[in-house]
Structure formats: structure tokens, C-alpha cells
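Coordinate inspection notes
Given next are the chains, with one letter for each unit.
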2 protein chains.
Amino acid sequence: MSQDSKPCFDKKNLALRLSSAGIFALLFFTLLWFGKESWAKLTYMGILAIVAFVGVREATMIGRKMGHFPSTFTGTLLAWGFIVHCYLWGLERSEAFPLWLLLAGSGAVIHFVALFSRRNLDNALASQGITWLAGLYLGIGLGFQQKLFMFNETTLSNTGARLLLALFLIVWLGDAGAYFVGKGFGKHKLAPKVSPKKSWEGAVGNIIGNIAGATIIKLFVCTDWSPVDVFAIAFLLGVVGILGDLVESTWKRSAGVKDSYFGISIPGHGGILDRVDSLVFAAPALYAYIHFIHGLN
Amino acid sequence: MSQDSKPCFDKKNLALRLSSAGIFALLFFTLLWFGKESWAKLTYMGILAIVAFVGVREATMIGRKMGHFPSTFTGTLLAWGFIVHCYLWGLERSEAFPLWLLLAGSGAVIHFVALFSRRNLDNALASQGITWLAGLYLGIGLGFQQKLFMFNETTLSNTGARLLLALFLIVWLGDAGAYFVGKGFGKHKLAPKVSPKKSWEGAVGNIIGNIAGATIIKLFVCTDWSPVDVFAIAFLLGVVGILGDLVESTWKRSAGVKDSYFGISIPGHGGILDRVDSLVFAAPALYAYIHFIHGLN
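For the structure given in this document, a descriptive report is provided here.

About the cut-offs
- Residues numbered from 1 in each chain as written.
- Chains lettered and ligands numbered in written order.
- Predicted model: local features only at pLDDT ≥ 70, side-chain atom pairs only at ≥ 80, totals over all residues.
- Heavy atoms only, no water.
- Least-squares fit on C-alpha atoms with pLDDT ≥ 70 in both.
- Contact = heavy atoms within 4.5 Å.
- Buried area = accessible area lost by both parts, 1.4 Å probe.
- Salt bridge = Lys/Arg side-chain N within 4 Å of Asp/Glu carboxyl O.
- Polar contact = N/O pair within 3.5 Å; in protein donor to acceptor, adjacent residues only side chain to side chain.
- Helix = DSSP H or I, 4+ residues; strand = E, 2+ residues; numbered from the N terminus.
- Nonpolar A, V, L, I, M, F, W, Y, C, P; charged D, E, K, R; others polar.
- Phe/Tyr/Trp six-rings, centres within 6.5 Å; stacked < 30°, edge-to-face > 60°.
- Buried < 20%, exposed > 50% of the residue type's maximum accessible area, 1.4 Å probe, protein only.
- Lys NZ or Arg CZ within 6 Å of the ring centre and 35° of its normal.
- Patch = residues over 30% accessible without salt bridge, like charges linked within 9 Å, V, L, I, M, F, W, Y side chains within 5 Å.
- Areas by Shrake-Rupley, 256 points an atom, 1.4 Å probe, with all protein chains shown as cover.
- Axes fitted to C-alpha atoms, helices over the stretch in contact; angles between N-to-C directions.
- Parallel < 35°, antiparallel > 145°, perpendicular 65-115°, else oblique.
- Expected span 1.5 Å × (residues − 1).
- Arc of directions from axis to C-beta.
- Disulfide = S-S within 2.5 Å.
- 1 Å grid on protein atoms, 1.4 Å probe; cavity = no way out; pocket = protein on both sides within 12 Å on 5 of 7 lines; lining within 4 Å.
- Points joined across faces, edges and corners; volume = space filled by probe spheres on them.

**A closer look at the relation of the copies chain B and chain A**
The transformation that overlays chain B on chain A combines an axial shift of 0.0 Å with a rotation of 180°, and the residual RMSD is 0.0 Å. The relationship between the two copies is best expressed as a two-fold rotation axis. Closest approach to the rotation axis among the C-alpha atoms of chain B is made by Gly 129 of chain B, whose C-alpha sits 2.0 Å away.

Quick look at the structure:
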């Protein structure tokens, strides 16, 4: 739990970091390649479920560091419920587990279970609020990845696997652009109180990276995207990625932690929240774009 | 804001209390009587919107008393969104404002708006968590009242107005049963750490009141209920009412306030949260019963 136990991101650690990234990438591309098979969709949901659990745990641990007692258990149930809903939604069977039932049921579980926890009664309102936040943040952020992956045939780009690849490449090239441009040219602070290292130059680099990513996707993966799609999607994912990154920074800052790592991670990669923060708002944003601009469900 | 400014529930205040209850009851029964008219459903939604705003404000004020900075504005937007969704759902037009859009949109609004508030950055995680909680608690709790009211013709009891009358009478007679039995016979503490005045005897009185309420409803209002419906609905609403009451007590206890009143209320009636706490979980529970047991949407 202490800052000392966080992994060092130095060269000693690089082999571990690269090999686990390699294994993850291999798994990811395998699932995308077989994206039309139902086992691939189920396996992806399983991976999201693990990531959701670790992410909810990190968010509740940040809450615990601040003296609250959010519930990892009920928060994880909420996140899993949202992901399962998105899976069923993709199969056009969302009425089997509708969102109203997830929300009303989660309300009963989160608030009633807390009554039987002695510790939860101190700071009850904040603790239960953080449980809601953690479950919804991971559930919505990861669930929409599942929903994107479930697209089949009739989509803007034929299969959900292409959309998921687009999501990751656009967001990650944005992260890379922010890092290198910010490091090389960063002068004007973007949000000094939240994240002192971020600069407006880095934000511009982020958007350039997003546009580069979207252009690569248009050329090689989703060739049916129009130039408007390329720029609109790049800009949309860029802006919510930058803001999403800042949101997670405020949480860490308020708890006085520097990364979200609390004992469980992809080896060498630190906290899950730090990995997913730009993706969490980008996934529903990409789905909303496809839904409202291209009329696809 | 201080404890001194809360209304006194003494005899001096009784006339004000009774007259505002009378006006509210007159309005309520008028809306129920004209329950099939669309203006009645819209007016009811307007009342719920006001109650939701005041309730969200009380929940965020409890959070502020504890040093957090939840947003009344974004929490109210979330609650209103859920209520509007329930209205459209009742018109079978829920796809015009689906829950996925409400949740993903609320995530963006709650978390992004907080970035631009200087104060929200302290205790950001807990503050944003309380905003989610306040919006969902009031939104779900009141939204399902609207959903129940929207039932027309094809329901278990012909019109939604009857179901709403059932909800209120069963819950309120339960509250009355708990009060009188608890006062007369209360010995064994139900939850001494949360709410020292509540007893197991009071809880039994609560369920007796619920059964009395459900029986009256069956005899005069919803004559198509079976005896199983009477006991199942009474027991379900009783249990979630008792637990819901305790949940709100833990919030107040954790903030050191005795009632949820923060400057706005029905004259003489104190805080809105104190009025609705037994109803919040009862409304979705009654809908779930009607939906799953009787197959109605």
C-alpha cells in the first residue's frame, strides 16, 4: 500500500514491462482476429471483468487512504453488471438484464450491505458514494469496450474488432503524442493544481497523436471512414482522453498517491487506473459517435 | 445550515404542518384522480423534479458538512435525467433518452465539470462519489414513482394512479405502525449504532402497518390483487422501507446532523430526505414485483 511498494519504471524493469506488454498485445490481437467468434467475445468480457475488479479495488483503495470505507465487493458487482449488460446488448438481448434492474439492484446492494459493515458507518455517505463511482467508472468505461467489440457486419467498419483497434490506437498514439511533445516543448501549464507536469503543448501533441492514429486506422483498418469521421473521432477521443486523464489525477492527488498501483497489476505496468484513464471516457464517446452520427446500434 | 435553524416539531408548528400536508394531499389526490390525463403525468413529473432538486441538495449539504464538495447542479441533472427517462419509458419511448446515454453523459458531466471547480479538487474522489450517489438515489427513487404512475389500463390494477396510492399508503401505514408499536413496546434495539431509537418491536409494527395498508388497498383500490400479492407487496415494501430508513440515518449520523433539513422544505415538515427515505427503495421494489411476478412493463 505504501509508496515504496510501487513498481519502479526504470531500465531494470523494462524487460518485464515489455514482455508483459507483448503477451497482452498477442492476446489482444488474437481476440481481435477472431473477433466474430463468440468465444473471442466471451474471453474479452472475462478480461474486462478482471480489469474491472482490479480497477474498482484501486479506486476504493484510494478512498480508504482518505479514511473512507467504500466496498470493493459491491462496486465490482456493479461494474460486472454493466459489462454483462453491454454483452447482452450486443447480442440484442439487453432486456434479459436491463439497466434499470442493474441500477435499482445496485442501489439496494450498495446501501443495504453497508448497513451490516461496522466500519462503513463512519463516513457512510462518502463511502457509499465512492462505491457507486468506482463501479460506474469501471463498468461504463470498460462495458462500452465490450459493446464496441460486439458490433458485427452492419457497422461503420464491418466488425467490432476494428472499432476496438481504432479506440486503442487513437487513444494510445494520443498519449504518446502528449508525452513526447509535452516533454520536448511543454511550457504553458494545462492544469497546474491537478497535474503539474501537463502542458498545453502536450495537449496539442495529444490531438496530433489522435489524428495520426485515426488516419492510420482509416488507411489500413476502417477504410470506410470519411475524412470528417477521421477528424471528428480523433478530436472527440482526444478531448475526453485528456479530461479523463485529469479526472484520475484529481483522485490520486486528493489522496496523496502518485500512481494508482495497490499491489495488483500487469507486471511492470503499475496501476490499472493509470492504464485505462484515457480509455474510460473514450469508449462511450466512440459508441455515441457511431450511434448518433451513423445511426448504428 | 446550523442545527438551530431546523423547524421545531412541537404543537406550535402543528397547524402549519397539517395545513401544508393538507394542501399536498389535495394536490396529490387531484393528480391521482386525473391520472389517465397526460397533464397529470407531466405535473407529477414537475413535482418530482422539485423534490429531486431539494433532496439532492440535502444529500450534497450533508456531504459539505463533512468537508466534501459534491455538486448539487450535476447531481440534480442526473436525477432529472432518470425521472425524464422513466416518463419516456412509460410512454414506450425510452429509446429517445436511453439509460446508457444518461449514465455515460452524467459521467462526463460530473467528472469533467468538477475539474473546473477549484474546491472540488480537494477530496475529489469522495466529492464526485457523493454527487453520483445523490443523483442516483433521488433519480431512481423518484423516477420509479413516475414509472408506476405511467401505467395505463393494462396493469395489475388498471391505472398507475392506483399503484401510486398503494405505494404511499402501504409505506406510510408502515411508518405509522413502526412509530406507535416502537413507542409503546420497543425494548430490543434494531441497530443501536445507526439509529438508537429504532427497535425490533417497531420493525414488527412496521410490517403490521404495511399489511394493514396492503389489505385496505386490496379491499378498496386494487381489488384484483390476490392474497399472495397483498402479503408479498406488504413484506417487500416493509423490508426495503425499514432498511432505506436506516440507510438515510447512517448518512445523517456520519455527518452529525439529526434531520436532513437544510433551509428548503414543505413548511413544517423538515427535510425532504427524511420524508422520502422509506419510499426511495419501495418504488423500484414495487415496480420490480409487478414486472417480474405479473409480467407487466
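Continuing now.
**Remarks on the interface of chain B and chain A**
At the interface, 49 residues of chain B touch 49 residues of chain A. The contact between chain B and chain A buries some 4200 Å² in all, and 85% of this surface belongs to carbon and sulfur atoms. Summed over the three residues of chain B that lose the most area to chain A, namely Trp 100, Phe 112 and Leu 125 of chain B, the buried surface amounts to 20% of that side. For the interface between chain B and chain A, the tally reads zero salt bridges. At the surface where chain B touches chain A, the tally comes to two residue pairs in polar contact (both at pLDDT 80 or more). Breaking the side of chain B that touches chain A down by element, the ones donating at least two residues are helix H2 (38–65), helix H3 (72–90), helix H4 (99–115), helix H5 (124–150), helix H8 (227–255) and helix H9 (272–294) of chain B. Of the residues forming the side of chain B that touches chain A, the biggest block, eleven residues, is contributed by H5 of chain B. Residue composition of the side of chain B that touches chain A, by class: 34 nonpolar, eleven polar and four charged.

**Things to note about the packing of aromatic side chains**
The geometry of an aromatic ring pair comes down to the distance between the two centres and the angle between the two planes. A complete count under the given rule lists 40 aromatic pairs over all chains for this structure. Seen in terms of ring centroids, Phe 28 of chain A and Phe 29 of chain A are 5.7 Å apart; in terms of plane orientation they differ by 65°. Their pairing is edge-to-face. Phe 28 of chain A gets classed as buried once you look at its relative accessible area, which sits at 7%. Measuring from centroid to centroid gives 6.0 Å for Tyr 137 of chain B and Phe 281 of chain B, while their planes differ by 70°, and the two rings are edge-to-face. Pair noted here: Tyr 137 of chain B is in helix H5 and Phe 281 of chain B is in helix H9, with a separation of 144 residues, a long-range link. Note on Tyr 137 of chain B: relative accessible area 5%, which makes it buried. For Phe 281 of chain B, a relative accessible area of 8% corresponds to the buried category. Directly above the ring of Trp 89 of chain A sits Lys 147 of chain A, whose terminal nitrogen or CZ lies 4.5 Å from the centroid. Taking the ring centre of Phe 151 of chain B as reference, the NZ or CZ of Lys 147 of chain B above it sits at 5.2 Å.

**A short note on a nonpolar patch on the surface**
All names here are of chain A. On the surface, Phe 53, Phe 73, Leu 77, Trp 80, Val 109, Val 113 and Ile 264 cluster together to form a nonpolar patch covering roughly 590 Å² of accessible area. Every element with two or more residues in the nonpolar patch is listed here: helix H3 (72–90) and helix H4 (99–115). Among the elements that take part in the nonpolar patch, H3 stands out by supplying three residues, more than any other. Along the chain, Val 113 falls in helix H4. Residue classification places Val 113 among the partly exposed positions, given a relative accessible area of 39%.

**As for the packing of helix H8 (residues 227–255) of chain A against H4 of chain B**
Two numbers describe how H8 of chain A lies on H4 of chain B: the axes approach to 9 Å, and their chain directions differ by 70°. What the angle tells us is that H8 of chain A and H4 of chain B run roughly perpendicular. Contacts from Val 240, Leu 243, Gly 244, Leu 246, Val 247, Thr 250 and Trp 251 of chain A of H8 of chain A reach H4 of chain B at His 111, Phe 112 and Leu 115 of chain B.

**Regarding helix H1 (residues 14–33) of chain A**
Counting along an α-helix, one turn takes 3.6 residues, and residues three or four places apart therefore face a common direction. Residues and elements named next belong to chain A. Helix length check: H1, at 20 residues, gives a terminal C-alpha distance of 28 Å against a target of 28 Å (1.5 Å per residue), a fit within 8%. Taken residue by residue, H1 has Ser 20, Phe 28, Leu 31 and Leu 32 as its buried positions. One face of H1 carries all of its buried residues, which in axial projection span an arc of 110°. Every exposed residue of H1 that faces more than 90 degrees away from the buried side is listed here: Ala 15, Leu 18, Ile 23, Leu 26 and Trp 33. Of the surrounding secondary structure, the elements contacted by the buried residues of H1 are helix H2 (38–65), helix H5 (124–150) and helix H6 (160–185).

**Some remarks on the packing of H5 of chain A against H8 of chain B**
At their nearest, the axes of H5 of chain A and H8 of chain B sit 7 Å apart, and the two run at 120° to each other. Taken together, H5 of chain A and H8 of chain B sit at an angle that is classed as oblique. Within the contact between the two elements, H5 of chain A uses Ala 124, Leu 125 and Gln 128 of chain A and H8 of chain B uses Val 247, Thr 250, Trp 251 and Ser 254 of chain B. Of the residues assigned to the contact of H5 of chain A with H8 of chain B, the class counts are four nonpolar, three polar and no charged.

**Points about unusual backbone geometry**
Of note, the phi angle at Glu 92 of chain A is positive, near 60°, even though the residue is not glycine. Here Glu 92 of chain A shows up in the loop between H3 and H4.

**A short note on H2 of chain A**
Here H2 of chain A is 28 residues long and its end C-alpha atoms lie 41 Å apart, about the 40 Å a rise of 1.5 Å per residue gives. After H2 of chain A finishes, the residue Gly 67 of chain A shows a positive phi value of roughly 95°.

**Regarding the pattern of salt bridges**
It is possible for side chains bearing opposite charge to pair when their charged atoms get close. All names here are of chain A. Counted according to the given criterion, the structure contains six salt bridges over all chains. A salt bridge links Lys 252 to Asp 274; the nearest nitrogen and oxygen atoms lie 2.7 Å apart. Of this pair, Lys 252 sits in helix H8 while Asp 274 sits in helix H9 (residues 272–294), and the two are 22 residues apart along the sequence. Exposure remark for Lys 252: the relative accessible area of 10% places this residue in the buried category. Among the charged side chains, a network of salt bridges with common partners joins Glu 248, Lys 252 and Asp 274.

**Topic: the environment of Ala 124 of chain A**
With respect to the secondary-structure elements, Ala 124 of chain A resides in helix H5. Taking the C-alpha atoms as reference points, Ala 124 of chain A and His 111 of chain A, separated by 13 residues in sequence, lie 9.1 Å from one another. The residues contacting Ala 124 of chain A, other than those within four sequence positions of it, are Thr 250, Trp 251 and Ser 254 of chain B.

**Topic: the state of the cysteines**
A full pass over the atoms with the stated rule returns zero disulfides over all chains. Cys 86 of chain A takes part in no disulfide bond, and the closest cysteine sulfur to it belongs to Cys 86 of chain B, at a distance of 19 Å. Of all cysteine sulfurs in the structure, the one in Cys 86 of chain B sits closest to Cys 222 of chain B, which takes part in no disulfide; the separation is 20 Å. Overall, the relative accessible area of 1% leaves Cys 222 of chain B in the buried class.

**Structural notes on empty space enclosed by the protein**
Applying the stated criterion to the full structure yields four cavities of 30 Å³ or more. Roughly 90 Å³ of internal volume is contained in the largest cavity. If you trace the largest cavity, you find 13 residues lining it, with Gly 107 of chain A together with Leu 136, Tyr 137, Ile 140 and Phe 281 of chain B closest to the centre. Of all elements in the fold, only H4 of chain A together with H5 and H9 of chain B reach the threshold of two or more residues within the lining of the largest cavity. Looking at the lining of the largest cavity element by element, the count peaks at five residues for H5 of chain B. Of the residues that constitute the lining of the largest cavity, the class distribution is ten nonpolar, three polar and no charged.

Interpretation in functional terms is not warranted from these geometric data alone.
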